[in-house]
Amino acid sequence: MTSEPTSEPTSEPTRPATDPRLPRLLGAPELAWLVARVRRRAERGLPLTGIITLAAATPAQRDAVDRLLGRRARDGNAVSVRLDDVDALLRRSGVHPGGLLSAVVALTGPIRDTATEAARQEAAWRAAFAPLDALAHDRPTLVPWLDGLRATGAVRRLAAAPDDAARLLAACATALAALPREPTSLCRFAERTFGSAHALDDGLPLTGLVFGAARALGGTPDGEGAAWRREVWASVGLLRDELSTTVLAVGLPGDPGSTTGRMLGALAAAGEPAVLTLRQLTRDPPRLPLHGVPVSVCENPVVVAEAADRLGPAAPPLVCTGGQPGAAVMALLRAAVAAGATLRYHGDFDWGGLRIANVLFGRLPCTPWRFDTAAYRAAVATGSGRALTGAGAEAVWDSGLGAAMREAGRAVEEERVVDDLVADLRR
């Protein structure tokens, strides 16, 4: 038995029936709940048998059911109807020999097959993924990303209907298939691929999909912020702010096989720092003869300036992140690692410095360079420094460093220990 405590509609649009007695028998407003319930069952493909109950029925609704079935009035607020009895009544009386379902169709119009419609909709949603499925077959690194799209329902939130999803996912597949062999501007790529330089602007559904796929293809770890987004795009050859995104370095050996390499070699020989743009690192990447060579990485430009001033042409490779590492910094450091270099990192002993270092240690094979608990305690003992402020952080490479900093409550910036850092470079 089915019980539905909520009230039912009191009216139902009617259509002329073959027998004029049918609207009078079953089309009364007080029986609209019964007709509506039968219709919903039929739409769901459920059998029109068994008992249905209307809780909190009005006296008029109870009287209408009793008159329909020719039974005595019953006590209580609820009213129950055996659908088999109504079907038999319609057939036996000759009011509608086709039975209950046919009578409801005559009164309210054709029944929608919602189960079939739902199955058709599901098939259409699945078919919308076909272009990306084909692409993932050839690029298995896309499979986890594509599985995630399905599991989270992200596409259904972006597209109102399967047809919209099909167009969106086809455009995403088009973008992924057209990713450039050589680095190119994101805007130029969008214009060439979709006819609009703004087709991959931030905030668009298509941009979100292509960006997620770019993360999968480029293997970029989790992150946030504009610099991280530039890194993700750059990992698949699409450049944003390719001239304004730079990295500062000194002592990097250059290979004469490229313009960038020749520039690095000349500046290293002169003991002068180099500023490399993301464009140079991706369009004319230098071959870096760094196999087995330690590359030191610092957070602040002052360390690079002091190394250049004091060591000149003898300065070993030193790269500066300039704060949170941007796409150019990551491109250079990854190129150094690919060339066989080892990386060691030093930054400011403050909460921001720990967060910056966590990014590097999380994305690159780094070791700490005077950047652990012992080094902090030694540095903080040399002077007062400014007070630590803001939300604390933990160091992924040294579980005790955050606690030691909270205990001392002082920040130690690279400027205070620059002599020690340059002395290390001198060795």
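Within every chain, residues take consecutive numbers counted from 1 along the sequence as written. Since the coordinates come from a predicted model, pLDDT governs what is reported: local features require at least 70, and pairs of side-chain atoms require 80 or more to be given and counted, while whole-chain, interface and lining totals use all residues. To obtain the side-chain values, all non-hydrogen atoms of the structure were used and water was disregarded.

Engineer: When you look at the packing of helix α10 (residues 162-177) against helix α12 (residues 205-218) in this model, what are you seeing that I'm missing?
Structural biologist: The geometry of a pair of packed helices is captured by two quantities: the angle between their axes and the separation between those axes. Structural elements are reduced to axes, namely lines fitted to C-alpha atoms, with helices fitted over the stretch in contact, and the angle between N-to-C directions of any two is expressed from 0 to 180 degrees. To qualify as a helix, a DSSP run of H or I must reach at least 4 residues; to qualify as a strand, a run of E must reach at least 2; elements of each kind are numbered from the N terminus. Between α10 and α12, the least distance of the axes is 9 Å, while the angle of their chain directions is 45°. Relative to α12, α10 is oriented oblique. Our pair here, α10 against α12, has a crossing hand that is right-handed. Each of L168, L169, A171, C172, A175 and L176 in α10 lies in contact with α12, whose residues at this interface are P205, L206, L209, V210, A213 and L217. Classification used: nonpolar for Ala, Val, Leu, Ile, Met, Phe, Trp, Tyr, Cys and Pro, charged for Asp, Glu, Lys and Arg, polar for all others including Gly. Among the residues forming the contact of α10 with α12, the class breakdown is 12 nonpolar, no polar and no charged. Any angle from 65 to 115 degrees is called roughly perpendicular, while one under 35 is roughly parallel, one over 145 is roughly antiparallel, and all others are oblique. Crossings are sorted by hand: turned counterclockwise from the far helix by less than a right angle, the near helix makes the crossing left-handed, and turned clockwise it makes it right-handed. Residues count as neighbours in contact if any of their non-hydrogen atoms are within 4.5 Å of one another.

Engineer: Would you take a moment to explain the sheet that holds strand β6 (residues 246-250) for this structure?
Structural biologist: Think of a sheet as strands paired side by side through backbone hydrogen bonds, with each pair either parallel or antiparallel. Only strands that DSSP links by at least two bridges are regarded as paired with each other. Strand order in the open sheet made by the 6 strands is β7-β6-β9-β8-β10-β11, with mixed pairing throughout. Strands with a single pairing partner mark the edges of an open sheet, and in this sheet they are β7 (274-277) and β11 (366-368). Ignoring strand direction, the axes of neighbouring strands in this sheet form an average angle of 30°.

Engineer: Just to check I follow, could you spell out the layout of surface pockets for this structure?
Structural biologist: Taking a probe equal in size to a water molecule and rolling it over the atoms shows the remaining empty space. Cavity means a closed set of points on a 1 Å grid over the protein atoms alone, one where a 1.4 Å probe fits but cannot get out, pocket means an open set with protein on both sides within 12 Å along at least 5 of 7 lines, and lining means a residue has an atom within 4 Å of a point. Grid points are joined across faces, edges and corners, and a volume is the space filled by probe spheres set on the points. Roughly 280 Å³ of internal volume is contained in the largest pocket. Considering each element in turn, the lining of the largest pocket owes the most residues, 4 residues, to helix α17 (residues 327-338). Considered class by class, the residues forming the lining of the largest pocket number 8 nonpolar, 6 polar and 4 charged.

Engineer: In this structure, what is going on with the packing of aromatic side chains? I would like to understand it.
Structural biologist: Working definition: an aromatic ring pair is given by the centre-to-centre distance plus the angle between the planes. Pairing of aromatic rings covers Phe, Tyr and Trp, the last through its six-membered ring, and needs centres within 6.5 Å; plane angles under 30 degrees mean stacked, over 60 mean edge-to-face, and all others mean tilted. Throughout the structure, instances matching the rule amount to 8 aromatic pairs. Ring geometry for F211 against W228: centres 5.5 Å apart, planes inclined by 75°, an arrangement best described as edge-to-face. Here the residue F211 occupies a position in helix α12, and W228 occupies one in helix α13 (residues 226-235), the gap between them amounting to 17 residues. The pair F211 / W228 is uniform in exposure class, with both members buried. Ring plane angle 40° and centroid distance 4.7 Å describe the contact between F349 and F371, whose orientation is recorded as tilted. One end of the pair, F349, is in the loop between β10 (342-345) and α18 (351-363); the other, F371, is in the loop between β11 and α19 (373-380), with 22 residues separating them in the sequence. The exposure class assigned to F349 is buried, which follows from its relative accessible area of 1%. Taken together, the ring pairs in this structure connect Y345, F349, F361, F371, Y376 and W397 into an aromatic cluster. Whether a charge lies above a ring is judged from NZ of Lys or CZ of Arg, which has to be within 6 Å of the ring centre and within 35 degrees of the ring normal. Its guanidinium or amino end placed over the ring of F211, R229 lies 4.1 Å from that ring's centre, counting from NZ or CZ. Working definition: with a 1.4 Å probe on protein chains only, accessible area under 20% of the residue-type maximum means buried, over 50% means exposed, and in between means partly exposed.

Engineer: It is not clear to me how helix α20 (residues 401-408) should be interpreted in this structure. Could you clarify?
Structural biologist: Because an α-helix completes one turn every 3.6 residues, residues spaced three or four positions apart along the sequence face the same direction. Listed as buried for α20 are L401, G402, A404 and M405. Seen along its axis, α20 keeps its buried residues to an arc of 160°; they face one direction. Buried-residue contacts for α20 involve α18 and α19. Of all possible arcs, the one meant is that of the directions from the helix axis to the C-beta atoms.

Engineer: Could you clarify how one ought to interpret the pattern of salt bridges in this entry?
Structural biologist: A side chain of one charge can pair with a side chain of the opposite charge if their charged atoms are brought near each other. Note on definitions: salt bridges are taken to be side-chain nitrogens of Lys or Arg within 4 Å of carboxyl oxygens of Asp or Glu. Inspection of the entire model under this criterion finds 20 salt bridges. Here D133 ties to R150 by a salt bridge, and the two come within 2.7 Å at their closest N and O atoms. Taken as a pair, D133 in helix α7 (residues 130-138) and R150 in helix α8 (residues 143-152) lie far apart in primary sequence, 17 residues in all. Classification of D133 as partly exposed rests on a relative accessible area of 31%. R377 is the salt-bridge partner of E407, the closest N and O atoms lying 3.9 Å from each other. On the criterion of sequence distance, the pair formed by E407 in helix α20 and R377 in helix α19 is long-range, its members being 30 residues apart. With a relative accessible area of 61%, E407 lands in the exposed category. Taking the relative accessible area as the measure of exposure, R377 reaches 44% and is therefore partly exposed. What you see here is one network of salt bridges that share partners, running through D202, R229 and R240.

Engineer: Would you mind going over empty space enclosed by the protein with me for this structure?
Structural biologist: Under the counting rule described, the total for this entry stands at 1 cavity of 30 Å³ or more. Along the walls of the largest cavity sit V250, G251, L252, L264, L267, A268, E272 and A274, which together make up its complete lining. In terms of residues, the lining of the largest cavity owes the most to one element, helix α14 (residues 259-270), which gives 3 residues. Looking at the lining of the largest cavity residue by residue, the classes come out as 6 nonpolar, 1 polar and 1 charged.

Engineer: For this particular structure, what's the right way to read the side chain of S258?
Structural biologist: Along the chain, S258 falls in the loop between β6 and α14. We classify S258 as buried; its relative accessible area is 8%. Every residue in contact with S258, bar those within four places of it in the chain, is listed here: D284, P285 and P286.

Engineer: What exactly am I supposed to notice about the packing of helix α16 (residues 301-311) against helix α21 (residues 414-426) here?
Structural biologist: In contact at an axis separation of 10 Å, α16 and α21 are set at 45° when each is read in the N-to-C sense. Taken together, α16 and α21 sit at an angle that is classed as oblique. Note on packing geometry: the crossing formed by α16 with α21 is right-handed. Here α16 contributes V302, V303, E306, A307, R310 and L311 to the contact with α21, which in turn contributes E414, E415, V418, D419, L421, V422, L425 and R426. Counted by class, the contact of α16 with α21 contains 8 nonpolar, no polar and 6 charged residues.

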